[in-house]
Every structure is written in C-alpha cells, then in structure tokens.
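Survey of secondary and tertiary structure
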Amino acid sequence: MIDSADTRELGKLLAIPNEYMQRDWINQNTSLVVHRRENAEECDGNQSGYDLLSDGGLTINSKFRSKTILLENTRRVSQKNIGNASRSGHVAYSLGECDVYCFTRPHSDYRNTHAAELVAIPEVALEDPKNPGYLVRSVGKRVLNKWAGKTVQVLEIAEQQKRNHKRVLL
C-alpha cells in the first residue's frame, strides 16, 4: 500500500496503531498521562467521541491524515444526524464529542513514525460557522498552519483547563 500510494486504505489500516503512537508521543513529550479508550466498542457502536483520555479528564480524538484533513466519519443515519448526514452516512462530528483533535501527519514517509508531525487542535477551533453545533468536515490549511508546532502547548493548556473544570477554549 505504501509503494502504491494507496493512502485511503493505508489510513484505515493505521488508525488503531496511530492511537498507540499518539498515546506514547503525548506521554513522552508532554506532562500529560494518557490512555487509550479500550471499551469504545462496548459503549458506543459508532465509536464516537474520543480515543485517548488523560488522567486529568482531557478527551482526545486521534486521527491519521496524510493529505486532506477530513473530519467526516461514517455513522448510522439516525434522528440525531438528520440534516447533518450525507446519503452515504458520512456526518460531521458534533460539538462536545471531545476536547482536542490530534492529527498525525506522516507527510511522505509512512515507514518512519518519528518523522510524522502531530498537530493538536482544540475542538472549539473546529466549529463550523455555517453549521453551528457541528465541526467542519475538512480542516483548511489556514487552521492547520495556525496550530502546527504547538501540540505540546495545546495539550498542556487544554489539560489544565479541564482540571480546573473549564471548557477547553485556548
């Protein structure tokens, strides 16, 4: 898949290993202690919300994205998703599903996880102004560039806000 540049299928294959990689990176490079959400399938058939949880209660949605930073996900078309779902069942995340979205950007070298870039973006920075209550379906370069290189600060400030029982705003 790497040799054929099949990034769509490769991204699906690497989604769960990415959660472990992000967990380890965060634990090694920040003051946070995070764990994988092990019981996601039992709690929620859609596996919505977060993938990583810090000891301070910070929830992190872990994404592996090589080029376009899509936030749509596949969920059942239900009452909750009326007006938000496409015919294929792809929907935007609802505001309030987690505190921070963390994207692993492998750039061109999928084999070298140490060369990947992690970009953490607070959920509130991703709210869609055209669809209040939901996140954008795709993160633009301007937003991505605003948060690139600030992953440690974003996670540590968000953790502190969460510990102080405040909404993560940054």
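The following paragraphs examine the structure supplied in this document. (Residues numbered from 1 in each chain as written. Predicted model: local features only at pLDDT ≥ 70, side-chain atom pairs only at ≥ 80, totals over all residues. Heavy atoms only, no water.)

Side note on the nonpolar core
Residues Leu71 and Val139 are the most contacted members of the largest nonpolar core, which totals 29 residues. Going through the elements one at a time, α1 (7-29), β7 (100-105), β8 (117-122), α3 (141-147) and α4 (151-163) are the ones with two or more residues in this core. In contact with Leu71, not counting residues within four places along its chain, are Lys63, Val91, Tyr93, Tyr101, Phe103, Leu126, Leu135, Val136, Arg137, Ser138 and Val139. (Core = buried A, V, L, I, M, F, W, Y, C linked by side-chain atoms within 4.5 Å. Buried < 20%, exposed > 50% of the residue type's maximum accessible area, 1.4 Å probe, protein only. Helix = DSSP H or I, 4+ residues; strand = E, 2+ residues; numbered from the N terminus. Contact = heavy atoms within 4.5 Å.)

Quick look at the sheet that holds strand β2 (residues 52-54)
With respect to topology, 5 strands assemble into an open sheet ordered β1-β2-β3-β7-β8, the strand pairing being mixed. Edge strands, defined here as strands with exactly one partner in the open sheet, are β1 (34-36) and β8. The average angle at which neighbouring strand axes cross in this sheet is 25°, direction not considered. By the bridge criterion, 5 bridges tie strand β3 (residues 59-64) to β7 in an arrangement that is parallel. Across the sheet, Asn61 pairs through a bridge with Tyr101, a residue of β7. The sheet contacts of α4 involve β2, β3, β7 and β8, and relative to β8 the element is tilted by about 35°. (Pairing = 2+ DSSP bridges. Axes fitted to C-alpha atoms, helices over the stretch in contact; angles between N-to-C directions.)

Re the pattern of salt bridges
Tallied over the entire structure, the rule returns 4 salt bridges. A salt bridge links Arg36 to Glu19; its shortest N-O distance comes to 2.7 Å. Of this pair, Arg36 sits in strand β1 while Glu19 is found in helix α1, placing the two residues 17 residues apart along the sequence. Comparing Arg36 with Glu19 shows no difference in burial state: the two are buried. (Salt bridge = Lys/Arg side-chain N within 4 Å of Asp/Glu carboxyl O.)

A few points about the side chain of Thr30
Within the element layout of this structure, Thr30 appears in the loop between α1 and β1. Given the relative accessible area of 10%, Thr30 is considered buried. Within polar-contact distance, the side chain of Thr30 engages the backbone oxygen of Ile26 at 2.6 Å. Of the polar contacts made by the side chain of Thr30, one reaches the backbone nitrogen of Leu32; its length is 3.1 Å. Among residues more than four places away in sequence, those in contact with Thr30 are Trp25, Val152, Leu155 and Glu156. (Polar contact = N/O pair within 3.5 Å; in protein donor to acceptor, adjacent residues only side chain to side chain.)

Some remarks on the pairing of β8
In terms of residue burial, β8 counts as a mostly covered element, since 5 of its 6 residues are buried. Strand direction decides the pairing type here: β7 and β8, joined by 6 bridges, are antiparallel. Of the residues in β8, the one forming a bridge with Arg105 is Glu117.

Re the environment of Tyr20
Take Tyr20: it is sitting in helix α1. Considering only alpha carbons, one finds Tyr20 and Arg36, 16 residues apart in sequence, at a separation of 7.1 Å. Residues within four places of Tyr20 in sequence aside, it is in contact with Arg36 and Glu38. Within the structure, Tyr20 has its side chain in polar contact with the side chain of Arg36 (distance 3.0 Å).

So, the packing of aromatic side chains
Taken as a whole and assessed by the stated rule, the structure comprises 1 aromatic pair. Relative to Tyr101, the ring of Tyr93 has its centre 5.4 Å away and its plane inclined at 65°; by these criteria the two rings are edge-to-face. Judged by relative accessible area, which is 0%, Tyr101 ranks as buried. The ring centre of Tyr50 lies 4.4 Å from the NZ or CZ of Arg37, which sits over that ring. Of note, Lys150 hangs over the ring of Trp147, and the distance from its end group to the ring centre comes to 6.0 Å. (Phe/Tyr/Trp six-rings, centres within 6.5 Å; stacked < 30°, edge-to-face > 60°. Lys NZ or Arg CZ within 6 Å of the ring centre and 35° of its normal.)

The values reported here are purely geometric and, on their own, carry no functional implication.
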